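Listed below, chain by chain, are the residues.
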Amino acid sequence: MEKIASRVRRPILGIATGALFLLAAFGSRLVAMQSSGLEALWPSNAIVLAILILAGHTRRDIAAIVIGGAAGSVMLHLLSRDPLSILIGLTAANVVESGLAFALLRRAKIRGGLVDRVGNYFALVMAVAATGFFSSTIGGLALWAGRHVSYWDGWRSWYVSGVLSAVMVTPGVIVMFDLLRGRGRGVPNGRTLLEFAGLSSLVAAVTFYVFFNQTLPLTFVVSPSVLLLTFRFRAVGAVAGVAIVTTIAACATASGHGSIAHLLRGQPGDQVLLLQAFIATNLLSALPVAAVLNERDYQANETRAFAEHFKSVVENIGEVIFRIDSQGRWAYLNPAWETLTGQPIVATLGRSWLDLVEPSARPELADRSEAVLRGEDHSARRAVRLETSDGLRWVELFIQCLRDKDGRAAGATGTLRDIDDRKRLEEHVITAKRRAEQRAREATLLASTDELTGLANRRAFMSQLDREITGAAEFGWPLAVAMFDVDHFKLVNDRYGHAVGDRVLQLIAARAAGVVRGGDLVGRLGGEEFGILMPGATPDEAMRVAERLRQAMETVAQADESLPAVTISIGIAAREGQRTAADLLGAADVALYVAKSEGRNRVRIAA
């Protein structure tokens, strides 16, 4: 279906182009200065150029349009019974003028919207001005050969009429096409349609009066009325105004009316040139103004759309966006403020921005933010608590200095982000971590502590003994170990019970921990057997510690009359050579056995 539609479309495009070419050519000749054989305007090529811009999407489309325009030119000259040199030469000039101008515009990537931007319109002016040199050369030669017109007059008339027509008619056709598609700017409708008709009538009336007035040269009065229509209706007004002026001025001058006809009576060639200059003056004042206004409207619409989009984003974002004036008062707050604080925005604006900050934090925050408000610091960020309808809530504050056009500090802007849930979660995590660490410490303590006495248990004692032996061997430090147990402890349990026996062990453990040196480790090795690890102790120093402990045990009963009197026997071993922990404890155990065998309640050092 697409191929069929394309095949049907191109012939229709070519036929329509040829028909419009013929229609415009005959219309031009109706309002032309025929006495010299020269036309003031030649809109046919401008229409072909407009069709190329609008519909020349592919090479085949372009070929169909160009062929249609050429066929229209051939038909025009056949109907006019022009000689073969005119037919061939002017047809070639027409094809070159519209085709080459389109090629230049396409290379410059100008597609439609010729009066939407100033750059687009002047690109059209430059393109047709450049191609006019080539087409005018061909047209001038054809007019000289076929009609015996002066080559210079023919070249000049073709160039000026071709350029004027292109820069006026081509944008006009595109504007009309946009109007039909509902895309034009300044399109009159409803109430503005009456205004458009009134202003167009004003332009027509002023032009008619100027060109049919036989006494006063008032051509300068026409431009303000055209510009008025242009300012009100943009490109539509400009095209309509110039078209009205051109039609009336050309008809009046052709019929011998107006200042141009009276000033240059009998000089039709000069009349054409002056009329073209008049049309160019109105054209090059109205259409560029329309382009500037369209571009300004486009930029204004973009700015408005961006502002509306930005406003929509700001008003719907979850974070509070604010602005503070140079006095530290709220100047703007988005709706998120009411969601966060429960405070109406209207009641908040103008108040100090620190009013809702937790009182204890205000002085510090004021000091830190003052440097930003003065412009000394660019920005600041910190967590604060705000007073809200739900109580104090944590927020993350970001504040940044605002500057005026002269670079002076003019307040600040920033955001407030609700982080209360995050802060509570962080506090929960920290609390949980502390509890876990405490439980870990307690578990470690339980794993290394004797439950009854609170001393190091056998595993902890042996681990520390291994470490001390390694350090002593590496650095040559002295090291001593003592082992002691309660004399006749079984009798204590049998006579007084295990509860009293446990209390005796607890008291012995407390006395032992109280008499050893700082850095010594007392441990319960099992039952009523204890050990003392004395890093850096020589045998004599270990003997003194052991003797203090033995004497302290003799006073147990004096301290608590409910407990039986007990004594202890102690064996000491010092590190020698490469003794292991087992060797060292074994030697201390042997010394303890010697102390017991010699009568108990005494201290002995391993041999």
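Rules behind the numbers
- Residues numbered from 1 in each chain as written.
- Predicted model: local features only at pLDDT ≥ 70, side-chain atom pairs only at ≥ 80, totals over all residues.
- Heavy atoms only, no water.
- Helix = DSSP H or I, 4+ residues; strand = E, 2+ residues; numbered from the N terminus.
- Rg over C-alpha atoms; globule rule 2.2 N^0.38 Å.
- Buried < 20%, exposed > 50% of the residue type's maximum accessible area, 1.4 Å probe, protein only.
- Areas by Shrake-Rupley, 256 points an atom, 1.4 Å probe, with all protein chains shown as cover.
- Lys, Arg positive; Asp, Glu negative; His and termini not counted.
- Charge placed at Lys NZ, Arg CZ, Asp CG, Glu CD.
- Pairing = 2+ DSSP bridges.
- Phe/Tyr/Trp six-rings, centres within 6.5 Å; stacked < 30°, edge-to-face > 60°.
- Axes fitted to C-alpha atoms, helices over the stretch in contact; angles between N-to-C directions.
- Contact = heavy atoms within 4.5 Å.
- Parallel < 35°, antiparallel > 145°, perpendicular 65-115°, else oblique.
- Nonpolar A, V, L, I, M, F, W, Y, C, P; charged D, E, K, R; others polar.
- Expected span 1.5 Å × (residues − 1).
- Polar contact = N/O pair within 3.5 Å; in protein donor to acceptor, adjacent residues only side chain to side chain.
- Core = buried A, V, L, I, M, F, W, Y, C linked by side-chain atoms within 4.5 Å.

Topic: the overall build of the chain
- Broken down by element type, the chain carries 20 helices and 10 strands.
- Computed over its C-alpha atoms, the radius of gyration of the chain comes to 54 Å, more than 25% above the 25 Å expected for a compact globule of 607 residues.
- Seen through its principal axes, the chain has C-alpha atoms that stretch 160 × 55 × 45 Å.
- Relative to its 607 residues, the chain shows a buried fraction of 45%.
- Split by element, the accessible area of the chain, about 30,800 Å² in all, is 59% carbon and sulfur.
- Looking at the chain, you have 65 positive and 59 negative side-chain charges, and the mean spots of the two groups are 12 Å apart.

Topic: the pairing of strand E5 (residues 409-418)
- Where strand E1 (residues 320-324) meets E5, five bridges bridge the pair, whose relative direction is antiparallel. Looking at the pairing, Ile 321 lines up with Thr 415 of E5.
- Between strand E4 (residues 391-403) and E5, which follow one another and run antiparallel, lie five residues, and Gly 407 among them has a positive phi close to 85 degrees.

Here's the deal with the packing of aromatic side chains
- The tally for this structure, following the rule as stated, stands at 13 aromatic pairs.
- With centroids separated by 4.4 Å and ring planes inclined at 25 degrees, the aromatic side chains of Phe 208 and Phe 212 adopt a geometry described as stacked.
- For Phe 212, a relative accessible area of 30% gives the class partly exposed.
- Residues Trp 330 and Trp 353 carry aromatic rings whose centres are separated by 6.3 Å and whose planes lie at 90 degrees to one another, so their mutual orientation is edge-to-face.

Some thoughts on the sheet that holds strand E3 (residues 379-388)
- Strand order in the open sheet made by the five strands is E2-E1-E5-E4-E3, with antiparallel pairing throughout. At either end of the open sheet lies a strand with only one pairing partner, and these are strand E2 (330-333) and E3. In this sheet, neighbouring strand axes are inclined to one another by 30 degrees on average, regardless of whether the strands run parallel or antiparallel.
- Judged from the 10 bridges that link them, E3 and E4 form a sheet pairing that is antiparallel. Following the sheet pairing, Thr 388 is matched in E4 by Gly 391.

Here's the deal with the sheet that holds strand E9 (residues 568-574)
- With mixed pairing, the five strands of this open sheet are ordered in space as E7-E8-E6-E9-E10. The open sheet has two edge strands, strand E7 (521-526) and strand E10 (603-605), and neither has a second partner. In this sheet, adjacent strand axes meet at a mean angle of 20 degrees when their direction is disregarded.
- As defined by bridge partners, E7 adjoins strand E8 (residues 529-535) across five bridges and the pair is classed as antiparallel. Residue Leu 521 lies in a different strand from E8, and its bridge partner there is Leu 533.
- Packing against the sheet, helix H18 (residues 539-553) makes contact with strand E6 (479-486), E8, E9 and E10, and its axis sits at approximately 170 degrees to E9.

With respect to the packing of helix H16 (residues 489-496) against helix H17 (residues 498-515)
- Direction vectors running N to C along H16 and H17 enclose 135 degrees, while the axes themselves pass 7 Å from each other. On the basis of the axis angle, H16 is oblique to H17. From H16, Phe 489, Val 492, Asn 493 and Tyr 496 reach across to H17, where they touch His 498, Val 500, Gly 501, Val 504 and Leu 505.
- Partitioning the contact of H16 with H17 into residue classes produces six nonpolar, three polar and no charged.

With respect to helix H13 (residues 362-373)
- The end-to-end C-alpha distance of H13, which contains 12 residues, comes to 15 Å, matching closely the 16 Å that a straight helix rising 1.5 Å per residue would cover.
- Buried-residue contacts for H13 involve E1, E3, E4 and E5.
- Trailing H13 by a residue or two, Gly 375 shows a phi angle of about 85 degrees, which is positive.

Examining the pairing of E8
- Summarising burial for E8: five of the seven residues are buried, a large majority.
- When E6 meets E8, the two strands line up antiparallel, connected through seven bridges. Its bridge partner being in E8, Asp 485 is matched across the sheet by Glu 529.
- Where E7 folds back on E8, the antiparallel hairpin that results is connected by two residues, among which Gly 527 adopts a positive phi of roughly 55 degrees.

Overview of the side chain of Thr 91
- Summarising the element assignment, Thr 91 is placed in helix H4 (residues 84-107).
- One polar contact links Thr 91 to Ser 73, side chain to side chain, over a distance of 2.9 Å.
- The residues contacting Thr 91, other than those within four sequence positions of it, are Ala 70, Ser 73, Val 74, His 77 and Ile 86.

Looking at helix H15 (residues 458-475)
- The first and last C-alpha atoms of H15 sit 26 Å apart over 18 residues, in line with the 26 Å expected at 1.5 Å per residue.
- Regarding H15, the residues found buried are Ala 460, Phe 461, Leu 465, Glu 468, Ile 469, Gly 471 and Ala 472.
- Positioned one or two residues after H15, Gly 476 has a phi angle of 75 degrees, which is positive.

Here we look at unusual backbone geometry
- Its identity as a non-glycine residue notwithstanding, His 148 has a phi of 60 degrees, on the positive side.
- Tracing the backbone shows His 148 in the loop between helix H5 (118-147) and helix H6 (151-180).
- Positive phi values are uncommon outside glycine, yet Arg 600 reaches one of about 70 degrees.
- Mapping Arg 600 onto the fold places it in the loop between helix H20 (581-597) and E10.
- Overall, the relative accessible area of 28% leaves Arg 600 in the partly exposed class.

Quick notes on the nonpolar core
- Counting 71 residues, the largest nonpolar core has Leu 49, Tyr 121, Val 128, Phe 278 and Leu 283 as its most contacted members.
- Examining the composition of this core, we find that 14 residues originate from one element, helix H8 (residues 222-254), more than from any other.
- In this structure Leu 283 touches Tyr 121, Leu 164, Val 167, Met 168, Val 242 and Pro 288, once residues within four positions along its chain are discounted.
- Judged by nonpolar contacts, the second largest core, of 32 residues, contains Phe 484, Val 516, Ile 532 and Ala 546.

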